[in-house]
Amino acid sequence: MGSQITREVDSVLYTRCGLEVGVAASKTFTAQVSLLILVALASGVLIYKANYDFGAGFPQETESAKAAKDLQRAFAAGALQPTEVYLTTTNGSPLTDSQVSEFAAAVATAPGVGQAQPPVKSNDPAVVRISVLLKLNPATNEAIELVRDDLRDALHKAAPPGTKAVVGGYTAIFADINTANNRDLSVILPAAAILIAL
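Side note on the overall build of the protein
Secondary structure assignment for the protein yields 6 helices and 5 strands. Taken from the N to the C terminus, the helices and strands of the protein come in the order α-α-α-β-α-β-β-β-α-β-α. Evaluated residue by residue, the protein yields a buried proportion of 27% over its 198 residues. Long-range pairs, those at least 24 residues apart, make up 67% of the contacts in the protein between residues at least 6 apart in sequence. Split by element, the accessible area of the protein, about 13,000 Å² in all, is 61% carbon and sulfur.

See the structure below:
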């Protein structure tokens, strides 16, 4: 009664179910509430932190779990999964003994290193591997952050002139996955938000 549509048409059948108050406004309200719910759900991603410690969820009474605890008590926590550090020359020439010993000394005192094994020469004289036992459990987020940030940076800087160092192994793989996940989330979430807003 009294709406624009009733004045425009020739005949009207009133349903007597009350005053119609902005149908479009109720759709807008529903859309706004839906958007707020989506934003609230998506905001959890901002504080999301992946956990790669698969052993933490397993029963702790098994023989393998007990062996892991014994290993951590007797050795550096990283003995469960040593981190591999490789030193190679940039031009393919053989590494010198002084380059290897200088780098091995730097590895032993690098951040988070509990123990560094002696360098192992490969079949290629331009490459040497040093196994590193971290002070932290190699599957924890703290160890992953350590390898991704402090340890890699320190070892890259410690490489003697004419060489380069790379850090690999279990923890380094998860550090790379973590970096890729963070980059993807920083691109995908804003893109999804823009598409939803359209």
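Describing the pairing of strand 1 (residues 83-89)
Along any regular strand the residues' side chains alternate between the sheet's two faces. Most of strand 1 is tucked away: 6 of the 7 residues are buried. Two strands pair when backbone bridges link them, and strand 1 and strand 4 (residues 127-134) are joined in this way by 6 bridges, in the antiparallel orientation. Bridging across to strand 4, tyrosine 86 finds its partner in arginine 129.

Focus on the nonpolar core
Counting 26 residues, the largest nonpolar core has Phe103, Leu151 and Leu155 as its most contacted members. Broken down by secondary-structure element, the contributors of at least two residues to this core are strand 1, helix 4 (97-108), strand 4, helix 5 (141-158), strand 5 (163-169) and helix 6 (170-197). By residue number, the principal contributor to this core is helix 5, which donates 7 residues. Filtering out sequence-adjacent residues up to four positions away, leucine 155 remains in contact with Val85, Phe103, Val107, Ala110, Ala165 and Val167.

Observations regarding helix 5
Here helix 5 spans 24 Å end to end across 18 residues, near enough to the 26 Å set by a 1.5 Å rise per residue. The largest bend in helix 5 amounts to roughly 45° and is located at valine 147. Listed as buried for helix 5 are Asn141, Ala143, Ile144, Leu146, Val147, Leu151, Arg152, Leu155 and Ala158.

Cut-offs and rules
Residues numbered from 1 in each chain as written. Predicted model: local features only at pLDDT ≥ 70, side-chain atom pairs only at ≥ 80, totals over all residues. Heavy atoms only, no water. Helix = DSSP H or I, 4+ residues; strand = E, 2+ residues; numbered from the N terminus. Buried < 20%, exposed > 50% of the residue type's maximum accessible area, 1.4 Å probe, protein only. Contact = heavy atoms within 4.5 Å. Areas by Shrake-Rupley, 256 points an atom, 1.4 Å probe, with all protein chains shown as cover. Pairing = 2+ DSSP bridges. Core = buried A, V, L, I, M, F, W, Y, C linked by side-chain atoms within 4.5 Å. Expected span 1.5 Å × (residues − 1). Bend = angle between axes of the 7 residues up to and from the residue.

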